[in-house]
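Here are the chains, one letter per residue:
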Amino acid sequence: MSCKLSAIVAVCDDWGIGRDGGMVVANKQDMRHFVSTTTGHPVIMGRKTLESFPGGRPLKNRLNIVLTRDPFFHREGVEVVHSVDAALDLVCDQDEAWVIGGGQVYQQLLPYCERAVVTKNHCLRAADAYFPNLDQDEAWELVDETEPIILGRGEGDEGVSFSFATYQRRQQG
């Protein structure tokens, strides 16, 4: 596969990412970062992630690939696949593709990812979906992290601090 596969995710301090199909922290700066990072690139997601978007509509200016076990699922503007291999085949000729969730899709595709861009929301929230803790995974190393930023009024969960972190898969050998 010549495509660079990366993951992008927003986590809490316990690496929780979602609850009841939604995100656990409202962070408009993270949303803008997500859009600027993924626009123009294919995105791979699960059906529930797609359905969590406004109107269940695909993201603009991106090839939207939905990985689902549901053989009857169809949505206009979306490429539906039923296996990891089929998803990888769809992006093989791209420069970079982004895995955007949810929890099961991250679990299936993270082994193929070279990089993970993580918004670390420095708080704890009730979650039922988690991303693997890359700080405790020897296969990954933190290569960059911004200074903490505090969400202001109108930016989401006011007062929550967060940072943008980039992890790289360690070279084997």
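Use the structure listed above.
Residue numbers here run from 1 along each chain, matching the order of that chain's written sequence. This being a predicted model, a pLDDT of at least 70 is required before a residue's local features are given, and a value of 80 or more before pairs of side-chain atoms are given or counted; all residues contribute to the totals for chains, interfaces and linings. Note: side-chain values were computed over all heavy atoms of the structure, leaving out hydrogens and water.

Engineer: Mind laying out the overall build of the protein chain, listing which residues take part and the relevant values?
Structural biologist: By definition, any uninterrupted DSSP run of H or I lasting at least four residues is a helix, any uninterrupted run of E lasting at least two residues is a strand, and each is numbered from the N terminus. Summing up its helical and strand segments, the protein chain has four helices and 12 strands in all. With the radius of gyration taken over C-alpha atoms, the globule rule is written as 2.2 Å times the number of residues to the power 0.38. Here the C-alpha radius of gyration of the protein chain, 16 Å, is about what a compact globule of 173 residues would show, namely 16 Å. Its C-alpha atoms give the protein chain principal-axis dimensions of about 45 × 40 × 30 Å. Across the 173 residues that make up the protein chain, the buried fraction comes to 45%. We call two residues contacting when some pair of their heavy atoms lies within 4.5 Å. Across the protein chain, every contact between residues at least 6 apart in sequence was considered, and the portion connecting residues at least 24 apart equals 66%. Of the roughly 9,400 Å² of accessible surface on the protein chain, a fraction of 47% belongs to carbon and sulfur atoms. One finds the centroid of the 17 positive side-chain charges in the protein chain at a distance of 6 Å from the centroid of its 25 negative side-chain charges. Working definition: with a 1.4 Å probe on protein chains only, accessible area under 20% of the residue-type maximum means buried, over 50% means exposed, and in between means partly exposed. Calculation of accessible area relied on Shrake-Rupley with a 1.4 Å probe; when residues are assessed, cover is drawn exclusively from the protein chains displayed. The charge count includes Lys and Arg as positive and Asp and Glu as negative, but it does not include His or the ends of the chains. We put the charge of a Lys on NZ, of an Arg on CZ, of an Asp on CG and of a Glu on CD.

Engineer: Which residues make up helix 1 (residues 28-38), and what values do they have?
Structural biologist: When we look at burial in helix 1, the residues that qualify are Asp-30, His-33, Phe-34, Thr-37 and Thr-38. Taken around the axis of helix 1, the buried residues stretch over an arc of 110°, which confines them to a single face. Summarising the contacts, the buried residues of helix 1 are in contact with strand 1 (4-11), strand 3 (22-23), strand 4 (43-46), strand 7 (96-101), strand 8 (115-121) and strand 12 (161-169). Two or three places before Gln-29, at the start of helix 1, stands the capping residue Asn-27, its side-chain oxygen 3.0 Å from that residue's backbone nitrogen. Regarding the arc, it is the one traced by the directions from the helix axis to the C-beta atoms. Counting of polar contacts relies on pairs of N or O atoms within 3.5 Å, with two restrictions inside protein: one atom must be capable of donating a hydrogen and the other of accepting it, and residues adjacent in sequence are counted only when both atoms are side-chain atoms.

Engineer: Outline the pairing of strand 7, listing residues and values.
Structural biologist: Among the six residues in strand 7, six count as buried, and that is most of the element. One bridge is not enough; two strands pair if DSSP finds at least two bridges between them. Sheet topology places strand 4 next to strand 7; three bridges connect them, and they run parallel. Within the sheet, the bridge partner assigned to Met-45 lies in strand 7 and is Gly-101.

Engineer: Account for unusual backbone geometry, with residues named and values stated.
Structural biologist: In this model, Gly-101 is joined to Gly-102 through a cis peptide bond whose omega is 0°. Look at Trp-15: it is not a glycine, yet its phi comes out positive at around 70°. Note that Trp-15 resides in the loop between strand 1 and strand 2 (16-19). Note on Trp-15: relative accessible area 4%, which makes it buried. Residue Asn-61 is not a glycine yet carries a positive backbone phi of 60°. Along the polypeptide, Asn-61 turns up in the loop between helix 2 (47-52) and strand 5 (64-67).

Engineer: Summarise the layout of surface pockets; cite the residues concerned and give the values.
Structural biologist: Here the largest pocket defines a volume of roughly 1,200 Å³. Any residue with an atom within 4 Å of a point lines the site, the site being either a cavity, points on a 1 Å grid over the protein atoms alone where a 1.4 Å probe fits but cannot get out, or a pocket, an open set with protein on both sides within 12 Å along at least 5 of 7 lines. Taken together, 41 residues make up the lining of the largest pocket; nearest its centre are Lys-48, Thr-49, Gly-101, Gly-102 and Gly-103. When residues of the lining of the largest pocket are traced back to their parent elements, those giving at least two are strand 1, strand 2, strand 3, helix 1, helix 2, strand 7 and helix 4 (103-109). Looking at which element gives the most residues to the lining of the largest pocket, the answer is helix 4, with five residues. Each residue receives one of three labels: charged for Asp, Glu, Lys and Arg, nonpolar for Ala, Val, Leu, Ile, Met, Phe, Trp, Tyr, Cys and Pro, and polar for the others, Gly being one of them. Taken together, the residues that form the lining of the largest pocket break down as 17 nonpolar, 14 polar and 10 charged. Grid points are joined across faces, edges and corners, and a volume is the space filled by probe spheres set on the points.

Engineer: Describe in detail helix 3 (residues 84-91), supporting the description with residues and values.
Structural biologist: Here helix 3 has its buried residues at Val-84, Ala-87, Leu-88 and Val-91. Each buried residue of helix 3 sits inside an arc of 95° when the element is viewed along its axis, so together they form one side. Exposed and oriented more than 90 degrees from the buried face of helix 3 are Asp-85 and Asp-89. Along its buried surface, helix 3 packs onto strand 1, strand 4, strand 5, strand 6 (78-81), strand 7 and helix 4.

Engineer: Quick one: what's the story with the pattern of salt bridges, residue by residue and with numbers?
Structural biologist: Whenever Lys or Arg places a side-chain nitrogen within 4 Å of a carboxyl oxygen from Asp or Glu, that contact is recorded as a salt bridge. For the structure shown, the criterion picks out nine salt bridges. Among the charged side chains, a network of salt bridges with common partners joins Arg-47, Glu-51 and Arg-75.

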